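One letter stands for each residue in the lines below.
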Amino acid sequence: DAKTTQPPSMDCAEGRAANLPCNHSTISGNEYVYWYRQIHSQGPQYIIHGLKNNETNEMASLIITEDRKSSTLILPHATLRDTAVYYCIVRVYTGGFKTIFGAGTRLFVKA
Amino acid sequence: SQTIHQWPATLVQPVGSPLSLECTVEGTSNPNLYWYRQAAGRGLQLLFYSVGIGQISSEVPQNLSASRPQDRQFILSSKKLLLSDSGFYLCAWSVGLAGDTDTQYFGPGTRLTVL
């Protein structure tokens, strides 16, 4: 079972910031939070990951709460091409490198 | 730079027929390799992963199997396809034994329809 909880869907106006929340209340101290997205009929695309500090790259920013029980992915200026399913993932080590993908959040960016 | 290839892109097969999907990675050595399946409108289900040649771990019991005959080649097979095998099959790779910073990079996928 996935160790993260995300809203099933969200809307965002084009040009506005999209803030996608994720709860991971059972995260352990050495587990990273990863975000991927999947545009329809394509393979998932890596966006960003972090441990405890906030992270930013050319695609997005990741804000992790101090207790690490939740995080928010921020797309600062959403475009129509950002419409996709966004997956928040906590890496689980069970004798191998196993990543569990939940249902994700379907983000609709509207003109 | 690293690239990952999967073929075929789409496949329509009758029930009971065999299956062979291939995945290759370029530009890296000794990657971890993964096979996922995604049913229509659903999330990704991890099927197999491999940390080296001939080393395969299965995550779910089923009529599929995986093999890694070469360092950067990962093959998903079945002797007899079931209707429930229909889905979007994704191959992914990651750098290797890099601890918890093991970012996965996905291929374009193969859409399989079993009739």
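Residues numbered from 1 in each chain as written. Chains lettered and ligands numbered in written order. Predicted model: local features only at pLDDT ≥ 70, side-chain atom pairs only at ≥ 80, totals over all residues. Heavy atoms only, no water.

Which residues make up the overall build of chain B, and what values do they have?
Of the regular secondary structure elements, chain B holds 0 helices and 11 strands. Counting from the amino terminus, helix and strand elements in chain B follow one another as β-β-β-β-β-β-β-β-β-β-β. Taking 13 Å as the expected radius of gyration for a compact globule of 115 residues, we find that chain B reaches 14 Å, a close match to that expectation. Its C-alpha atoms put chain B at 40 × 25 × 20 Å along the principal axes. Residues classed as buried in chain B amount to 47% of the 115 residues present. (Helix = DSSP H or I, 4+ residues; strand = E, 2+ residues; numbered from the N terminus. Rg over C-alpha atoms; globule rule 2.2 N^0.38 Å. Buried < 20%, exposed > 50% of the residue type's maximum accessible area, 1.4 Å probe, protein only.)

Which residues make up the side chain of threonine 4 of chain A, and what values go with them?
All names here are of chain A. Here threonine 4 is to be found in the segment before strand S1 (9–13). Given the relative accessible area of 15%, threonine 4 is considered buried. A distance of 3.0 Å separates a polar atom in the side chain of threonine 4 from the backbone oxygen of cysteine 88. Excluding residues within four positions of it along the chain, threonine 4 makes contact with Cys22, Asn23, His24, Cys88, Ile89 and Val90. (Polar contact = N/O pair within 3.5 Å; in protein donor to acceptor, adjacent residues only side chain to side chain. Contact = heavy atoms within 4.5 Å.)

Can you break down the nonpolar core residue by residue, with the values?
Trp35, Leu73, Tyr86 and Leu107 of chain A are the most contacted members of the largest nonpolar core, which has 21 residues in total. Broken down by element, this core gets its largest block of residues, 4 residues, from strand S8 (residues 84–93) of chain A. (Core = buried A, V, L, I, M, F, W, Y, C linked by side-chain atoms within 4.5 Å.)

Mind laying out the sheet that holds strand S7 (residues 70–75) of chain A, listing which residues take part and the relevant values?
All names here are of chain A. Pairing within the open sheet is antiparallel, and its 4 strands lie in the order S2-S7-S6-S5. Edge positions in the sheet fall to strand S2 (18–23) and strand S5 (55–56), since each of these pairs with one other strand and no more. In this sheet, S7 lies alongside strand S6 (residues 61–64) in antiparallel orientation, the contact comprising 4 bridges. Its bridge partner lying in S7, isoleucine 63 is registered against threonine 72. (Pairing = 2+ DSSP bridges.)

Go over the pattern of salt bridges with me, naming the residues and quoting the values.
Scanning the entire structure with this criterion turns up 5 salt bridges over all chains. In this structure, glutamate 31 of chain A engages lysine 3 of chain A in a salt bridge whose closest nitrogen and oxygen atoms are separated by 3.0 Å. In this pair, glutamate 31 of chain A is assigned in the loop between S2 and strand S3 (33–38) and lysine 3 of chain A in the segment before S1, connecting sequence segments 28 residues apart. By relative accessible area, glutamate 31 of chain A is classed as buried at 6%. Classification of lysine 3 of chain A as partly exposed rests on a relative accessible area of 28%. In this structure, the salt-bridge partner of arginine 37 of chain B is aspartate 85 of chain B, at a minimum N-O distance of 3.5 Å. Here arginine 37 of chain B is found in strand S4 (residues 32–38), whereas its partner aspartate 85 of chain B is found in the loop between strand S8 (73–78) and strand S9 (87–94), with 48 residues between them in sequence. Overall, the relative accessible area of 14% leaves arginine 37 of chain B in the buried class. (Salt bridge = Lys/Arg side-chain N within 4 Å of Asp/Glu carboxyl O.)

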